[in-house]
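Descriptive analysis of the structure
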Amino acid sequence: MLGWRLFLSAIMIPAFIGGFYFDAQFGPAAPFLCILAIALAARSSWEMVDLLKTRSFRPDARIVIACAVIVVAANWIQRWSGNESSAPTGVGALGPCLLAFTVALLALFLHAALRYREPGNSMESLGAEVLTVAYVGILLSVTAQLRWVAGADAGYLALGSLIIATKSGDIGAYTLGRLFGKRKMIPRLSPGKTWAGAYGAVLGAGAASWAWFTFATPLLIPGTKPCAPHWAILFGVVLGVVGLIGDLCESLIKRDVGRKDSAVLLPGFGGVLDILDSILYAGPVAYILWLLLPLGP
């Protein structure tokens, strides 16, 4: 299983990076990223709804998927408006997605009111729907905003840094955990997580982050120098820890509903939500770090 996970990771990570490099040729509009983000939002929302259909939870997949997609797609409203110069930057760029989430919240409440029949599960189902739209829609939106946080030219340097650091942290955690893991971290929540795996996540993310900033910066932005090595390593170490927490948080959902994986899609990985768990949780932290640290050229 370890070899299989490493093999698939060696295929998926370069495929994502290659797709981002291709999308960069279309400028700040990022149409490939838009399609990918919408597809991930739809699939992840469906998996989350399927997970939460237990006990008294009865979330409606149709409205949840529609709301999550609208929240994610809102990030491209001003990018495709024809006037890129007017698009907000920094934290202000999150405005459209937060406005879309507000509208989605109203729609979810209205939908719950219209389908109400008797006391018993309305609040539980509504809570599951709001949680799904927030977890998938908001976190994926902030993650996608890394495309523009450092400007049009450095967009995929930023987005790639998140993917490389978090997934390398996942690989490091799984590898060292399988080889040397004995002491469990939180056995009640995630029996497979060990302290050796945690060290592997930090080492893998830190090393991969340094390599990414060192070699990808001059490749993606010709004529520029990478950031100082200590900033690159700090970025990776932080995301390695945060990505591990994100994995544990998704385990909380699955453990509480009695499921091992969010879906049966890829052997050894589970569903899309299982693949994205560390990225979704680490995305907002990476966004903050790009605002605070001198990571760009």
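As a reminder, the structure under discussion sits directly above these lines.
Residues numbered from 1 in each chain as written. Predicted model: local features only at pLDDT ≥ 70, side-chain atom pairs only at ≥ 80, totals over all residues. Heavy atoms only, no water.

Moving on, we get to the packing of helix 2 (residues 31-52) against helix 10 (residues 272-292). Two numbers describe how helix 2 lies on helix 10: the axes approach to 9 Å, and their chain directions differ by 110 degrees. Between helix 2 and helix 10, the angle falls in the class roughly perpendicular. Contact residues: Leu40, Arg43, Ser44, Glu47, Met48 and Leu51 in helix 2; Val272, Leu273 and Leu276 in helix 10. Among the residues making up the contact of helix 2 with helix 10, the classes are represented as six nonpolar, one polar and two charged. (Axes fitted to C-alpha atoms, helices over the stretch in contact; angles between N-to-C directions. Helix = DSSP H or I, 4+ residues; strand = E, 2+ residues; numbered from the N terminus. Parallel < 35°, antiparallel > 145°, perpendicular 65-115°, else oblique. Contact = heavy atoms within 4.5 Å. Nonpolar A, V, L, I, M, F, W, Y, C, P; charged D, E, K, R; others polar.)

Ranked by size, the top nonpolar core spans 74 residues in total, and within it Phe20, Trp76, Leu146, Phe213, Phe235, Leu239 and Trp290 carry the most contacts. Contact partners of Trp76, with chain neighbours within four places excluded, come to Ala29, Ala30, Leu33, Cys34, Ala37, Ala144 and Trp148. Grouped together as the second largest cluster of nonpolar side chains are five residues, Met185, Leu189, Leu244 and Leu248 included. (Core = buried A, V, L, I, M, F, W, Y, C linked by side-chain atoms within 4.5 Å. Buried < 20%, exposed > 50% of the residue type's maximum accessible area, 1.4 Å probe, protein only.)

Turning our attention to the pattern of salt bridges. Scanning the entire structure with this criterion turns up nine salt bridges. Of the charged contacts in the structure, one is a salt bridge between Arg115 and Glu129, with a shortest N-O distance of 2.8 Å. With Arg115 in the loop between helix 4 (95-114) and helix 5 (122-144) and Glu129 in helix 5, the pair connects residues that are 14 residues apart, well separated along the chain. Given the relative accessible area of 0%, Glu129 is considered buried. (Salt bridge = Lys/Arg side-chain N within 4 Å of Asp/Glu carboxyl O.)

Here we take up a nonpolar patch on the surface. The grouping of Val91, Ile288, Leu291 and Leu292 at the surface amounts to a nonpolar patch, some 390 Å² of accessible area in total. Examined against the element boundaries, Leu291 turns out to sit in helix 10. On the basis of relative accessible area, Leu291 is assigned to the partly exposed category, the value being 39%. (Patch = residues over 30% accessible without salt bridge, like charges linked within 9 Å, V, L, I, M, F, W, Y side chains within 5 Å. Areas by Shrake-Rupley, 256 points an atom, 1.4 Å probe, with all protein chains shown as cover.)

On to helix 7 (residues 155-180), then. In this model, helix 7 (26 residues) spans 37 Å end to end at C-alpha, consistent with the 38 Å of a helix rising 1.5 Å per residue. Counting buried positions over the 26 residues of helix 7 gives 20, a clear majority of the element. (Expected span 1.5 Å × (residues − 1).)

Now for the packing of helix 2 against helix 3 (residues 61-73). Orientation of helix 2 relative to helix 3, taken along the N-to-C sense of each, is 150 degrees, at an axis distance of 9 Å. Classed by the angle they form, the pair helix 2 and helix 3 counts as roughly antiparallel. Both helix 2 and helix 3 take part in a crossing whose hand is right-handed. Judged by residue contacts, Ala37, Ile38, Ala41, Ala42, Ser45, Trp46 and Val49 of helix 2 engage Ala61, Val64, Ile65, Ala68, Val69, Val72 and Ala73 from helix 3. (Left-handed = near helix turned anticlockwise from the far one by under 90°.)

This part covers the packing of aromatic side chains. Enumeration according to the criterion identifies four aromatic pairs in this entry. Aromatic pair Trp210 and Phe215: ring centres 6.0 Å apart, planes at 80 degrees, arrangement edge-to-face. Of the residues examined, Trp210 reaches a relative accessible area of 35% and is grouped as partly exposed. Accessibility expressed as a relative area gives 55% for Phe215, which makes it exposed. The rings of Phe213, Phe235 and Trp290 are connected pair by pair, giving a single aromatic cluster. (Phe/Tyr/Trp six-rings, centres within 6.5 Å; stacked < 30°, edge-to-face > 60°.)

One non-glycine residue, Ala30, adopts positive backbone phi at about 50 degrees. By the secondary structure assignment, Ala30 is in the loop between helix 1 (2-24) and helix 2. Using a relative accessible area of 0% as the deciding quantity, one classes Ala30 as buried. Of note in this structure, Arg55 is not a glycine but carries a positive phi near 50 degrees. Considering the arrangement of structural elements, one finds Arg55 in the loop between helix 2 and helix 3.

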